[in-house]
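# Working through the structure, step by step
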Amino acid sequence: MGTPARDGAPVVLTIDGFEVTVPEGMSVMRAAAEAGLDIPKLCASDNLEAFGSCRLCVVEIEGRRGTPASCTTPVAAGMVVRTQSPKVQKIRRGVMELYISDHPLDCLTCAANGDCELQDMAGAVGLRDVRYAPGDNHFETRAEAGGEANPLYVPKDDSNPYFTYDPAKCIVCSRCVRACEEVQGTFALTIQGRGFDSRVSAGTPADDFLTSDCVSCGACVQACPTATLQEKSVIELGTPTRSVVTTCAYCGVGCSFKAE
Ligand code: FES
């Protein structure tokens, strides 16, 4: 949702028929949240700057063409916003369908089952079916599909002692990259490539987390909305039933350690 704007002059706008007063500079998404209206999102999170990459949070704004991302659109006086119109709902289902068409459907055995934002958002936008047949994807080795090697497939990186990185489950929302930069200030991760070929990379010759500048602070793991970055303890012990927030003396990030 980006950095909350709290100090600007008050702005009055209408969201889904509700009059909302929020500070100037606040995003439409955050203004909607202030009014109790949750807009689906994947690349936005409360502690990161808005990025506008997933396109799940699109809205309609009266008098404006297109469907802007609500996380990167600032409020304006007199703005009339619709967050649940048939048009934006259809766009969100289409976006979600594309994400799911390139995601392994192993939810029942996935360590993030029940604690996965991709799963939650698929439900939130009402996705019930995926029309696209299996084809080029990032999650199958071509041997599994009975063909040549899949150039898009990158195997899981198990090198870090505390977490795993599985590119096959990545939606390239960049939350891990931004958490590494904005929360930890380490700049260990980057997005490599363009378009469908883009992926998170440690940017080192070995391209693994162990040889990167990663300090294992866990900010990227906390930021990940899927099981792409997953704590090894969760994989081994199962989804935790409670969480404890503590701050260690090492980096001051305030890592959230989860335990059963
Ligand atoms: Fe706005 Fe991703 S949440 S574009």
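Procedures and definitions
Residues numbered from 1 in each chain as written. Predicted model: local features only at pLDDT ≥ 70, side-chain atom pairs only at ≥ 80, totals over all residues. Heavy atoms only, no water. Helix = DSSP H or I, 4+ residues; strand = E, 2+ residues; numbered from the N terminus. Buried < 20%, exposed > 50% of the residue type's maximum accessible area, 1.4 Å probe, protein only. Contact = heavy atoms within 4.5 Å. Areas by Shrake-Rupley, 256 points an atom, 1.4 Å probe, with all protein chains shown as cover. Salt bridge = Lys/Arg side-chain N within 4 Å of Asp/Glu carboxyl O. Phe/Tyr/Trp six-rings, centres within 6.5 Å; stacked < 30°, edge-to-face > 60°. Core = buried A, V, L, I, M, F, W, Y, C linked by side-chain atoms within 4.5 Å. Pairing = 2+ DSSP bridges. Expected span 1.5 Å × (residues − 1).

### Examining the overall build of the chain
A count of helices and strands for the chain gives six helices and ten strands. Buried residues in the chain amount to 45% of all 260 residues. Within the chain, contacts between residues separated by at least 24 positions form 58% of all contacts whose residues are at least 6 apart in sequence. Roughly 13,600 Å² of accessible area belongs to the chain as shown, and the carbon and sulfur atoms make up 51% of that amount.

### Quick notes on the pattern of salt bridges
Taken as a whole and assessed by the stated rule, the structure comprises six salt bridges. In this structure, Glu62 engages Arg82 in a salt bridge whose closest nitrogen and oxygen atoms are separated by 3.2 Å. Here Glu62, found in the loop between β3 (60-61) and β4 (80-82), pairs with Arg82, found in strand β4; they are 20 residues apart in sequence, far enough to count as distant. Judged by its relative accessible area of 34%, Arg82 is partly exposed.

### Some words on the packing of aromatic side chains
Tallied over the entire structure, the rule returns two aromatic pairs. Arranged with centres 5.3 Å apart and planes meeting at 90 degrees, the rings of Phe163 and Phe209 form a pair that is edge-to-face. In this pair, Phe163 sits in strand β5 (residues 163-165) while Phe209 sits in the loop between β7 (199-201) and α5 (219-223), placing the two residues 46 residues apart along the sequence. Exposure class is identical for Phe163 and Phe209. Each is buried. Centre to centre, the rings of Tyr165 and Phe209 are 5.4 Å apart; their planes meet at 55 degrees, and the pair counts as tilted.

### Some words on the nonpolar core
Within the largest apolar cluster, 21 residues are counted, with the highest numbers of intra-cluster contacts made by Leu13, Ile15, Val22, Val75 and Val81. Breaking this core down by element, the ones donating at least two residues are β1 (10-15), β2 (18-23) and α1 (28-34). The element contributing the most residues to this core is α1, with four residues. Counting 19 residues, the second-largest nonpolar core is a separate cluster that includes Leu42, Cys54, Ile171 and Ala227.

### Regarding unusual backbone geometry
Residues other than glycine predominantly adopt negative phi, and peptide bonds predominantly adopt the trans conformation. Positive phi values are uncommon outside glycine, yet Arg55 reaches one of about 65 degrees. Along the chain, Arg55 turns up in the loop between α1 and β3. Taking the relative accessible area as the measure of exposure, Arg55 reaches 36% and is therefore partly exposed. Despite not being glycine, Phe187 shows a phi value in the positive range, around 60 degrees. Structurally, the position occupied by Phe187 is in the loop between α4 (175-184) and β6 (190-192).

### Looking at the sheet that holds β3
A sheet is described by the order of its strands in space; here four strands give the open sequence β2-β1-β4-β3, paired in mixed fashion. Unpaired on one side and paired on the other, β2 and β3 mark the two borders of the sheet. Note that β1 and β4 share two bridges and pair parallel. Within the sheet, the bridge partner assigned to Thr14 lies in β4 and is Val80.

### Looking at α4
Most of α4 is tucked away: seven of the ten residues are buried. In the core, the buried residues of α4 are packed alongside α3 (117-124), β6, β7, α5 and β8 (229-231). Residue Gly185 follows α4 closely and has a positive phi angle near 70 degrees.

### Let's talk about the environment of Leu127
Looking at the element boundaries, Leu127 is found in the loop between α3 and β5. Sequence separation of Leu127 and Gly94 is 33 residues, and the distance between their C-alpha atoms is 8.5 Å. With sequence-adjacent residues up to four places away left out, Leu127 is seen in contact with Arg93, Met96, Glu97, Ile100 and Ala122.

### Some thoughts on helix α2 (residues 86-101)
At 3.6 residues per turn, the α-helix brings residues three or four places apart onto the same side. Here α2 contains 16 residues, and its C-alpha end-to-end distance of 22 Å stays within 8% of the 22 Å for a straight helix at 1.5 Å per residue. Among the residues of α2, those classed as buried are Val88, Arg92, Val95, Met96, Glu97, Tyr99 and Ile100. On its buried side, α2 packs onto β3, β4 and α3.

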